[in-house]
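This is what each chain is made of:
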Amino acid sequence: MTAYIVPNLSKAKTMDTARAAAEILQRHGCDVLWDTEVSAQCGAAEAACLPVSECLARADVILTVGGDGTILHEAPLALERQTPILGINVGRCGFLATCEVAEMEEKLALVAAHRFHLDTRALLDVQITDGTFSRRESALNDMVVYNGRLLRTVDYRILCDQSPVEQFSGDGVIVATPTGSTAYSLSAGGPIVDSQTKALVLTPICPHSLQASAMVFSPERTLDIEIGDIFSDEVLVSCDGRPGMPLHTGAKIEVTLSEKQIHLITFGRADQFEAIDLKLRSRR
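Not measured: the values here are computed from a predicted model.

Colleague: Explain the overall build of the chain to me, please; I cannot follow it from the model alone.
Modeller: A count of helical and extended segments in the chain gives 7 helices and 18 strands. Its C-alpha atoms give the chain a radius of gyration of 20 Å, near enough to 19 Å, the size a compact globule of 284 residues would have. Its C-alpha atoms give the chain principal-axis dimensions of roughly 60 × 45 × 35 Å. Looking at the chain as a whole, 52% of its 284 residues qualify as buried. Of the contacts made within the chain by residues no fewer than 6 positions apart, 64% connect residues no fewer than 24 positions apart. Total accessible area on the chain is roughly 13700 Å²; 48% of this is exposed by carbon and sulfur atoms.

In C-alpha cells form, the structure reads like this:
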C-alpha cells in the first residue's frame, strides 16, 4: 500500500497531523509519498519526496489532511487515475472527511490492511457558455451561480430538458450532487439527499418569490440556467468553491450528472448519516 499525503498548508496543526499520519502508516507497513513542495515542512523518515505527477502515478490512496475543501481541491487529480481519497478532518464539519484526528491510529491501520469501503460519488458535468466563450468544469459538491454585488437581485430562468420549470429573481442558484446536498445547498434551504442515490438538486439562493423552492431531478435530466440582464462582473459561477468566473447577460450554464465518478474511503455504510447526526443535529 502506498499513500500520498496532501496537507492543507493554510490550516493550523496540519503539519503535525500529517507527520503523525505518516508515522502511523509506516508503522503498519505502508509506503508514504510527499509532494516535494511540502516535504521540507512535513517530511518523515523513509518517505519519498516526488513531484505531484509521480506521487499520483504511484499512490494507491490519497490521504488529505484538512477539511472538505482539501478533498474538493484534490478530487480532479484523483479522478484522472480513479485513486480513492481518505480525508483526515482538522476543519469544522468535515462531511467528506471520514477520519477525525483522534481516530487516526485505528482507521489508518484499517487502511494499511485494506479493510475499508469505497464509497462511489457522482460528479456534475458543467458546461458554461458566455457569448463566444465556452468552458467545461466538473464538481463533486456543487455548481453555484451567485450575485457578486450586495442588494441587487438577478433574474434566473431554469429549464429541464429544454422545458421551463422555474423563473425567479434572487441572489443566485445552486445545483448540487447528493454529496453536496449537505453543503451550501442545505444552508440555502435544500433537502438532504442520500449520497448513494443519483440526482441533481437545484436550490435557489434567497429568491424574491413565494413559489421558488428547491427541486430534485433524476440523473438523466439536463438542467439549463439562463442569466437575465446584469451589470458587468456582477454575477459569477463557481464549481466546488473554486475562484468565481464572471458571467454576462445571456450566459447559459448546462448541468448534467457526469458519467465519471470519484471514490471516497469510508469505514461504514452509513457514514453520511452518522456525520449528519454528529455534526448537524443538536445532541442532548
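Now that the structure has been shown, we can carry on.
Colleague: Where do I start with empty space enclosed by the protein in this structure?
Modeller: Rolled over the atoms, a probe with the dimensions of a water molecule shows which regions are left empty. Evaluation of the coordinates by the stated rule reveals 2 cavities of 30 Å³ or more. Of the voids in this model, the second largest cavity is the one considered here, and its volume is about 50 Å³. Lining the second largest cavity are L72, A75, P76, L79, L123, S138, A139, L140, D240 and R242. Elements with a contribution of two residues or more to the lining of the second largest cavity: α4 (68-81) and β8 (133-139). Take the lining of the second largest cavity: its biggest share by element is 4 residues, from α4. For the lining of the second largest cavity, the class distribution of residues is 7 nonpolar, 1 polar and 2 charged.

Colleague: When you look at helix α5 (residues 104-112) in this model, what are you seeing that I'm missing?
Modeller: Each full turn of the α-helix corresponds to 3.6 residues, which orients residues three or four apart in the same direction. Within α5 the residues assigned to the buried category are M104, K107, L108, L110, V111 and A112. Against α1 (14-27), β4 (61-66), β5 (85-89) and β6 (99-100) lie the buried residues of α5. At the exit of α5 stands H114, carrying a positive phi of roughly 60°.

Colleague: Hey, could you run me through the packing of aromatic side chains in this one?
Modeller: Each aromatic ring pair is summarised here by two numbers: the centre-to-centre distance and the angle between the ring planes. For the coordinates displayed, the defined rule picks out 1 aromatic pair. Consider the rings of Y156 and F168, whose centres lie 5.6 Å apart with planes at 35°: the pair is tilted. Pair noted here: Y156 is in strand β10 (residues 154-160) and F168 is in strand β11 (residues 163-170), with a separation of 12 residues, a long-range link. No difference in accessibility class separates Y156 from F168, as the two residues are buried.

Colleague: Even after reading the chapter, I still don't get the pattern of salt bridges, so can you show me in this structure?
Modeller: Opposite charge on two side chains permits pairing when their charged atoms draw close. Scanning the model with the defined rule gives 9 salt bridges in all. The residue R221 makes a salt bridge to D161 at a minimum N-O spacing of 2.9 Å. Placement of the pair is R221 in the loop between β14 (215-217) and β15 (223-227) and D161 in the loop between β10 and β11, with a sequence separation of 60 residues. Among the charged side chains, a salt-bridge network with shared partners connects R135, E137 and R242.

About the criteria used
- Residues numbered from 1 in each chain as written.
- Predicted model: local features only at pLDDT ≥ 70, side-chain atom pairs only at ≥ 80, totals over all residues.
- Heavy atoms only, no water.
- Helix = DSSP H or I, 4+ residues; strand = E, 2+ residues; numbered from the N terminus.
- Rg over C-alpha atoms; globule rule 2.2 N^0.38 Å.
- Buried < 20%, exposed > 50% of the residue type's maximum accessible area, 1.4 Å probe, protein only.
- Contact = heavy atoms within 4.5 Å.
- Areas by Shrake-Rupley, 256 points an atom, 1.4 Å probe, with all protein chains shown as cover.
- 1 Å grid on protein atoms, 1.4 Å probe; cavity = no way out; pocket = protein on both sides within 12 Å on 5 of 7 lines; lining within 4 Å.
- Points joined across faces, edges and corners; volume = space filled by probe spheres on them.
- Nonpolar A, V, L, I, M, F, W, Y, C, P; charged D, E, K, R; others polar.
- Phe/Tyr/Trp six-rings, centres within 6.5 Å; stacked < 30°, edge-to-face > 60°.
- Salt bridge = Lys/Arg side-chain N within 4 Å of Asp/Glu carboxyl O.

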